[in-house]
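Topology and contacts: notes
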Amino acid sequence: MANENQVTFPIDEPVDFVIVGSGSAGGIIAKELSTNGFKVVVLEQGPFRRAADFTHDEISVEHLGELTGGDHRSNQQTFRRDANEVAEVRESQPAFYAQTVGGSSVHFTANFWRLRELDFKERSMLGSISGTNFADWPISYAELEPYYTKVDWDIGLSGAPGPNDSFRSKPFPTPPIHINSSGVLMERGAHKLGWNAQVEPLAILSKAHNNRPACINCGFCMGFGCEVGAKSSTLAAMIPLAQASGNCEIRAECAVFRVATNDQGRVDEVFYYDPDGNERSQKARAVILSANGAETPRLLLNSASEAYPDGLGNSSGFVGRNLMFNSHANAAALFEHPLNDFKGVQVTRMIHDFYETDTARGFYGGGGIDARAFSAALPLKFATTGGQPGQPSWGAEFKKNLEHEFTRSMSIFGGATSLAQDRNNVTIDPTHKDRWGRPSLRITYKDHDDDRAIAKFLQDREMELLDAAGAEQFWRKPIEYQTRGAHLLGTCRMGDDPQVSVVDKYHRSHDVPNLFLCDGSSFVTSGRGQPTMTIMALAFRAAEHIGVAARNNTI
């Protein structure tokens, strides 16, 4: 087992910290606190897998949800477009994330964009946007930059600076991954159009770093775990260090269902179901929720009590509100010659020329586009979702098309802003329960008109790019109202004003002094499409401040 020989703490004696979730935030915070001498228990609802446990089995991983906790029948998430609808269970789960030690950092594609200076102060730059909770962050890029650099080096990135990047205090630790065919074609099209194609920063090692190996170019990055540990998940980069400290216990397959408070209104116990389904609890001096932007608010709402009738830490009413998915747009193409883009990492080049909001467009938003294999990285995925629209989906012609198109296909993928709105939220479903018997999360979501407008704008640029790159055929993928998201942002936002935020700028609950929240829920705005690096930077920063507060006895 992956958790053999680790320390074990008694459940009836308080540890310094219980951390719920072991992903991009929780894994980092666990490592930082445990290596600084604090006793830490991490509760993770998914199993503890080693690199050797990961496979390239498309059916198990892509279709049966091996890494995401099974299908909709297990998780019972519900979805609706607005509050007037009755939410229903959908086959495609609305909150898409991995359930495993390391969280979604295990199966992410590993595109690692920093936010820029403007992302933290857009409200001041652009003014209010009617019908939204558009606001500035309580921190700046300059405050977060040292922690972005810590992500670069401690987590492990490959890359090179681009012409549009914000300042960085230190170079990348490893050079760029070699360019793939789609990257070459993006550079060709960008050059013709006068745009800048730059190296994609990746949380994948191009050379050995921190006692971890370089990428072997297996091609199974998007949605799969890394079998050699070259992808910089917290499972690979942080959890081993946390366990080696002798101060961190990882309790896998433990599903938390309530955080309890004492007579002073402070959290002191976390209740969970153990791997056998038994109800257990762990005493703690402080609790950190890093379960993701959907599960963290669900847990707070499910932890309502007489002292906190609207949910733990929810005096503002902002727990669960302002859910942001990022908006997306996709175009695909066929080229004359084989690209074989299934080899190697998904993305090697991106364009950020349209990152900023341009008021001349008539709507808010900006974003970036990248070139990738996308569905053409996986044979079964391509057979079910790739290929030209309107073509046969079975029979001899279908097989002939697959044989020709699979190696000649690529996509341009756009990631952009989403606006924070009350109508987009995480609440508790009144009738459904998940496989542990916990009240299910209910997602209510409908893209803002500006979100759809920026997606359409980026897709127009994608079509121009594919044309300039020499595609024989290219087409748009429909921009539909989103019904699921892998970027779960904004639902417990940070802020200086307790009336309109859930945590302060150091991730401490405004209501409960020994409760901290750090994951995508802390975001104030959505960024431009790749939030994981910022989640990790926030986690390093939060851990530093939490550690100082604990040593000073101010928690």
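Here's what I pulled together on the structure shown here. A quick note: this is a predicted structure, and the numbers were derived from the prediction, not measured.

**Focus on the environment of Ala98**
- Position of Ala98 relative to the elements: it lies in the loop between strand S4 (88-89) and helix H4 (122-126).
- On the basis of relative accessible area, Ala98 is assigned to the buried category, the value being 7%.
- Distance from Ala98 to Gly70, taken between C-alpha atoms, is 9.8 Å for residues 28 residues apart in sequence.
- Residues within four places of Ala98 in sequence aside, it is in contact with Leu67, Thr68, Gly103, Ser104 and His107.

**A word on the pairing of strand S15 (residues 439-444)**
- Counting buried positions over the six residues of S15 gives five, a clear majority of the element.
- Bridge analysis of strand S3 (residues 78-80) against S15 gives three bridges, and the strand direction is parallel. Its bridge partner being in S15, Thr78 is matched across the sheet by Arg442.
- Across five bridges, strand S14 (residues 425-433) lies against S15 in antiparallel orientation. Paired with Asn425 across the bridge in S15 is Thr444.
- Count of turn residues in the S14/S15 antiparallel hairpin: five residues, of which Gly437 carries a positive phi of about 90 degrees.

**Some details on the layout of surface pockets**
- Here the second largest pocket defines a volume of roughly 310 Å³.
- Along the wall of the second largest pocket there are 24 residues; nearest its centre are Arg50, Ala51, Leu235, Ala236 and Pro240.
- Listing elements by their share of the lining of the second largest pocket, those giving two or more residues are helix H7 (234-237) and helix H8 (239-244).
- In terms of residues, the lining of the second largest pocket owes the most to one element, H8, which gives three residues.
- Counted by class, the lining of the second largest pocket contains 12 nonpolar, seven polar and five charged residues.

**Observations regarding the sheet that holds S4**
- Spatially, S4-S3-S15-S14 is the arrangement adopted by the four strands of the open sheet, whose pairing is mixed. In the strand order of this sheet, the two ends are held by S4 and S14, each with one partner.
- Along the sheet, helix H9 (residues 295-302) makes contact with S14 and S15, crossing S14 at roughly 60 degrees.

**Brief notes about the nonpolar core**
- If you look at the biggest cluster of nonpolar residues, it comprises 106 residues, and the most contacted ones within it are Phe17, Val40, Trp137, Val151, Leu289 and Leu515.
- If you tally residues by element for this core, the top one is helix H13 (residues 532-551), at 11 residues.
- Every residue in contact with Trp137, bar those within four places of it in the chain, is listed here: Leu115, Asp119, Phe120, Met494, Phe523, Val524, Thr525, Thr534 and Leu538.

**Re the sheet that holds strand S16 (residues 473-476)**
- Ordered in space as S5-S11-S12-S13-S10-S16, the six strands form an open sheet in which the pairing is antiparallel. This sheet does not close on itself; its edge strands, each paired only once, are strand S5 (197-199) and S16. The sheet shows a mean angle of 25 degrees between the axes of neighbouring strands, taken without regard to direction.
- Pairing geometry for strand S11 (residues 347-351) and strand S12 (residues 367-372), over three bridges, is antiparallel. What sits directly across from Ile351, in S12, is Ile369.

Conventions adopted
- Residues numbered from 1 in each chain as written.
- Predicted model: local features only at pLDDT ≥ 70, side-chain atom pairs only at ≥ 80, totals over all residues.
- Heavy atoms only, no water.
- Helix = DSSP H or I, 4+ residues; strand = E, 2+ residues; numbered from the N terminus.
- Buried < 20%, exposed > 50% of the residue type's maximum accessible area, 1.4 Å probe, protein only.
- Contact = heavy atoms within 4.5 Å.
- Pairing = 2+ DSSP bridges.
- 1 Å grid on protein atoms, 1.4 Å probe; cavity = no way out; pocket = protein on both sides within 12 Å on 5 of 7 lines; lining within 4 Å.
- Points joined across faces, edges and corners; volume = space filled by probe spheres on them.
- Nonpolar A, V, L, I, M, F, W, Y, C, P; charged D, E, K, R; others polar.
- Axes fitted to C-alpha atoms, helices over the stretch in contact; angles between N-to-C directions.
- Core = buried A, V, L, I, M, F, W, Y, C linked by side-chain atoms within 4.5 Å.

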